[in-house]
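Summary of the model geometry
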Amino acid sequence: MKRRTAIRSILTLPAAMALPVPLPAQVAGPAPPPSNEMPDTPTVAADTHTDTVVKAFNADQFAALNKLSSILVPSLPDTPGGLDAKAGEFLDFLISQSPPDRVMLYNEGLDRLNQEARKRTGKPFGEITAEQARPILAPLHEPWTYEPSTDPFTCFLRAAKEDILKATRNSRQYISVVSRRNRRAGGMGIYWFPIND
Amino acid sequence: MNTGYDVLIIGSGASGGSAAHVLAKKGIRCLMLDAGPAVNFERDRGFKRVYDLPYRGFGKPGRFPNVTQANEFNGNVWADQKKNPYTYDRSAPYNWVRVRLVGGKTLFWGRWSLRLSNYEFRCKDHDGYGTNWPIRYEDLAPYYDRAERIFRVTGQKAGLPQLPDGVFIEDNSPDSGSIRRFDAAAARRGIATTKVRRASGELASSVNLLLPGAIETGNLQIISDAVVREITTDPKTGLANGAYFIDRRSQHDYHVEARVVVLGASCLESTRILLNSGLANSSGVLGHYLFDQFYVKDVVVAVVPQARGGNPPRGLMGGGGCVPRFRNLKTREKNFIRGYLLDFSSGSTPDAKYFPAYGEALEKQLADVEGAGFGIWAIGEVLPRYENHVRIDKKVSDAWGIPALHVQAKYTDNEFEMAKDSMRVSEELCRDAGFEVVASHWQMVPPGESIHELGTCRMGDDPKTSVLNKYNQSHDIKNLFVVDGSAFVSGGCQNPTLTISALAMRAAEYLAEQMRTREI
Ligand SMILES: Cc1cc2nc3c(=O)[nH]c(=O)nc-3n(C[C@H](O)[C@H](O)[C@H](O)COP(=O)(O)OP(=O)(O)OC[C@H]3O[C@@H](n4cnc5c(N)ncnc54)[C@H](O)[C@@H]3O)c2cc1C
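Source: prediction; values computed, not measured. (Residues numbered from 1 in each chain as written. Chains lettered and ligands numbered in written order. Predicted model: local features only at pLDDT ≥ 70, side-chain atom pairs only at ≥ 80, totals over all residues. Heavy atoms only, no water.)

With that settled, consider the side chain of A:Asn114. All names here are of chain A. Here Asn-114 lies in helix 6 (residues 100-121). Residue class for Asn-114 comes out buried when judged on its relative accessible area of 4%. Those residues within four positions of Asn-114 in sequence are excluded, and the remaining contacts are Asp-60, Gln-61, Ala-64, Lys-123, Pro-124, Phe-125 and Gly-126. (Helix = DSSP H or I, 4+ residues; strand = E, 2+ residues; numbered from the N terminus. Buried < 20%, exposed > 50% of the residue type's maximum accessible area, 1.4 Å probe, protein only. Contact = heavy atoms within 4.5 Å.)

Structure representation (structure tokens):
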């Protein structure tokens, strides 16, 4: 019997006469009871897999904030910077939830960056180079004083420098790269859950 | 069931815990009420990465406008400001830092444990200002000994009258090179330095050091989540006979009876309970003479030049110490009375804000000073003044309907001048030690932020000018005791908790004796 004929003949044999075929496991014996153990369901973080919706700032302001992030905390060959850490997106979220004086500081500061950039180059801050930004960011070269500056733009720049640096250093992107070089830089801390609320 | 306890203790922190520790061991049946839940370190804490927190470590904006110590990791341990409001004038902010958990603030304190001296207890004799305490250092010394044993205080004897030595677990650890240089610079100016005196162990709290011994006796029961509203009195005798409290979660009202009431709800909370109860204020000074210790955080930030480059030589950096008060001891300063101490430490990395740079230039500068920082905080005495006070703000109540406090506290020239001096001296010492001063300032944090609030229910011999007698006992109601920092007459610049604990133990011994002899 040719091989193909033989297979056909097997297929057409009455079920009882057919070669024994191993049965799927679930019908091999009594079904095991369903597991009551809670499995770990893997999830991913929103900020690594999706885009945030910009809320606090308009498009020009947001572009300025991103440019500022890239200048204040630039990406270096072995260290992620503000843009890699999505510091701008994060700060947009943070400021959208912040008290009104903080919102105003950022709104006015970002507008001022754009005005200054347009005045000097005809382009918004988001489109100028780090070199062109230098004179605009001059207040950041002033020595530190404990008393906040009386100039709101200087206050904004100081706040943004601190915030962008922190948002970058505390980001998943930064920590995962830096902790490969230095195990202590893992960003790990003891977290207190709500206590018996 | 309300079984009528011997002593009702309100608050389970350093003060309430110390009182319970003594009373329960003397066979006195105590009930302790605490407004907060009991903490379970296994259940209530866990490791997390900062980027897994919703606000990347920044914390929810506006959640704790007055608690600069709060961050996103520890945010859930501080008393919620919305549920526990208080008020102050906009021109005089007050940072009231509270922990409402069984164990109180001792769960998180920095553990610095310093004795007061007769420069504080006899302050008026020394410089004519204010009021002496009704006790001397010698009265409290035996209780300091006990408290230090319980808190396992490490330190090194220095023989300084302004910072009496204690019963220390001897700290013989070698100092790093930078600390030795700083100590030598201070010594050249005749300024003494000491090793840090601190309770040992990661956790040195009421919960692990004071309460277990009391619970073991079978004489202490603790009700958590019990927010005390007011102390009740017997209308016939005028004596305290218990307290009303509210269950924190259910809002269910309760009353408990006891022969004696001991308040240790922390400085301002105890005074608030008394004001809301309308008790113990025949003197009219309840709520007044509020003070604390001012802090100038990072009064100087310096860099040790030899540690630059990101890899300090072994043994150069690390450790810390204390410059105890050195002003106005044998000589008199022109611009201020009293004094301050300096808390110095070596081996940090100065903050980015101090460097006038950004981008790659900033990164390079930070890498260069990594671990090369030398920092100093100044802690100064604040003069007790009648006008600095708390009172009930009838317009504001907490989440349990209990009227809240209005706090009024301002620093004045004596503190400002002292703060300026602390900056000048810190700069000089750092420069003399060969360090580079990166930044300095003398602005103190707002009153309250040192978390060393004191006064408002002060002790004294004269019932017309004080609320408590020398045993922390109310002049007006003999079975009412207040054993926390509110009893302080002056505070010096030494962190107060060791003194709070010693005073509470002394008061509890006296109370036990009064109960034994049926005086109470
Ligand atoms: C971060 C930090 C660092 C510190 N570092 C130091 C230091 O290094 N050295 C030092 O000496 N001190 C330090 N302190 C201060 C120290 O913790 C306090 O001085 C000490 O805990 C005060 O003890 P207490 O019993 O008066 O108050 P607490 O310890 O606050 O205890 C009061 C208790 O009363 C309860 N309570 C309040 N209101 C009510 C109510 N209405 N009904 C019932 N219960 C109530 C609270 O829940 C709390 O448990 C620090 C504090 C903090 C937070």
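Moving on, we come to the site of the ligand. Residues and elements named next belong to chain B. In the vicinity of the ligand, 36 residues are found, and the nearest of them are Ser-15, Asp-34, Leu-101, Gly-110 and Thr-497. Here Arg-111 contributes a backbone N or O atom positioned 3.1 Å from an oxygen atom of the ligand. Here the ligand has 990 Å² of accessible area as a free molecule, and 93% of this is covered by the chains. Of all the elements in the fold, those that place two or more residues in the shell around the ligand are helix 1 (14-25), strand 9 (226-233), helix 8 (267-277) and helix 11 (497-516). If you tally residues by element for the shell around the ligand, the top one is strand 9, at three residues. (Near = heavy atom within 4 Å. Polar contact = N/O pair within 3.5 Å; in protein donor to acceptor, adjacent residues only side chain to side chain. Areas by Shrake-Rupley, 256 points an atom, 1.4 Å probe, with all protein chains shown as cover.)

All names here are of chain B. On the secondary structure map, Lys-25 appears in helix 1. Residues Lys-25 and Pro-312, spaced 287 residues apart in sequence, show a C-alpha to C-alpha distance of 51 Å. Residues within four places of Lys-25 in sequence aside, it is in contact with Ala-20, Gly-213 and Thr-217. Polar contacts involving the side chain of Lys-25 include one to the side chain of His-21, which spans 3.3 Å.

So, on to the confidence of the model for chain B. For chain B, mean pLDDT is 97; residues scoring 70 or higher make up 99% of the total. Taken together, the chains of this predicted complex give a pTM of 0.93 and an interface ipTM of 0.92. (pLDDT = per-residue confidence, 0-100.)

Quick look at helix 6 of chain A now. All names here are of chain A. Taking 1.5 Å of rise per residue, 22 residues should cover 32 Å, and helix 6 covers 31 Å from first to last C-alpha, within 8% of that figure. Buried residues in helix 6 make contact with helix 4 (59-72), helix 5 (87-96) and helix 8 (152-169). In the stretch just after helix 6, Gly-122 is the one whose phi turns positive, near 80 degrees. (Expected span 1.5 Å × (residues − 1).)

All names here are of chain B. Spatial strand order, 4-17-16: three strands in an open sheet with mixed pairing. Looking at which strands have only one partner, the edges of the open sheet turn out to be strand 4 (87-88) and strand 16 (389-397). Bridge count for strand 4 against strand 17 (residues 403-408) is two bridges, and the pairing is parallel. By the bridge assignment for strand 17, Tyr-88 is matched with Val-407. (Pairing = 2+ DSSP bridges.)

With that settled, consider the packing of helix 5 (residues 137-151) of chain B against helix 11 of chain B. Residues and elements named next belong to chain B. Viewed as axis vectors pointing N to C, helix 5 and helix 11 meet at an angle of 115 degrees, and their least axial separation amounts to 8 Å. Accordingly, the angle class assigned to the pair helix 5 and helix 11 is roughly perpendicular. Crossing handedness for the pair helix 5 and helix 11: right-handed. Side by side, helix 5 and helix 11 meet where Asp-139, Leu-140, Tyr-143, Tyr-144, Arg-146, Ala-147, Glu-148, Ile-150 and Phe-151 of the first sit next to Leu-498, Thr-499, Ser-501, Ala-502, Leu-503, Met-505, Arg-506 and Glu-509 of the second. In terms of residue class, the contact of helix 5 with helix 11 is built from 10 nonpolar, two polar and five charged. (Axes fitted to C-alpha atoms, helices over the stretch in contact; angles between N-to-C directions. Parallel < 35°, antiparallel > 145°, perpendicular 65-115°, else oblique. Left-handed = near helix turned anticlockwise from the far one by under 90°. Nonpolar A, V, L, I, M, F, W, Y, C, P; charged D, E, K, R; others polar.)

In this section: empty space enclosed by the protein. If a probe the size of a water molecule is rolled over the atoms, the empty space left behind becomes visible. In total, this model carries two cavities of 30 Å³ or more according to the counting rule given. Taken as a whole, the largest cavity holds about 50 Å³ of empty space. In terms of lining, the largest cavity is formed by B:Tyr94, B:Leu290, B:Phe291, B:Asp292, B:Val382, B:Asn388, B:Ala409, B:Lys410, B:Tyr411 and B:Pro447. The residue makeup of the lining of the largest cavity, split by class, is seven nonpolar, one polar and two charged. Reported here for the second largest cavity is a volume of approximately 30 Å³. Lining the second largest cavity are A:Val73, A:Pro74, A:Leu76, A:Thr79, A:Pro80, A:Gly81, A:Thr168, A:Arg169, A:Tyr174 and B:Glu363. Residue composition of the lining of the second largest cavity, grouped by class: five nonpolar, three polar and two charged. (1 Å grid on protein atoms, 1.4 Å probe; cavity = no way out; pocket = protein on both sides within 12 Å on 5 of 7 lines; lining within 4 Å. Points joined across faces, edges and corners; volume = space filled by probe spheres on them.)

Once that is clear, we can look at the pairing of strand 16 of chain B. For a regular strand, side chains alternate in direction, first toward one face of the sheet and then toward the other. Residues and elements named next belong to chain B. One ladder, built from six bridges, connects strand 16 with strand 17; its direction is antiparallel. Following the sheet pairing, Val-390 is matched in strand 17 by Val-407. Once strand 16 ends, the chain turns through five residues before running back antiparallel as strand 17, passing Gly-401 with a positive phi of about 75 degrees.

All right, on to the interface of chain B and chain A then. Facing 51 residues of chain B, the contacting portion of chain A comprises 46 residues. Across the chain B to chain A interface the summed buried area is about 4,600 Å²; carbon plus sulfur atoms make up 62%. On the chain B side of the contact with chain A, B:Arg56, B:Phe58 and B:Tyr358 bury the most area, a combined 20% of that side's loss. Linking chain B to chain A there are two salt bridges. Listed by contribution, the elements that provide at least two residues to the side of chain B that touches chain A are helix 2 (41-44), strand 3 (45-49), helix 9 (359-368) and strand 18 (436-440) of chain B. Here the residues of the side of chain B that touches chain A are counted per class, giving 25 nonpolar, 10 polar and 16 charged. Taken together, the five bridges between strand 1 (residues 188-192) of chain A and strand 3 of chain B define a ladder with antiparallel strand orientation. (Buried area = accessible area lost by both parts, 1.4 Å probe. Salt bridge = Lys/Arg side-chain N within 4 Å of Asp/Glu carboxyl O.)

According to the stated counting rule, one finds 39 salt bridges over all chains in the structure shown. With its nearest N and O atoms 2.8 Å apart, the salt bridge here joins B:Glu449 to B:Lys297. With B:Glu449 in the loop between strand 18 and strand 19 (480-482) and B:Lys297 in strand 12 (residues 293-303), the pair connects residues that are 152 residues apart, well separated along the chain. By relative accessible area, which is 5% here, B:Glu449 ends up buried. Look at the salt bridges and you will find they share partners, linking A:Arg112, A:Glu116, A:Lys119 and A:Arg120 into a network.

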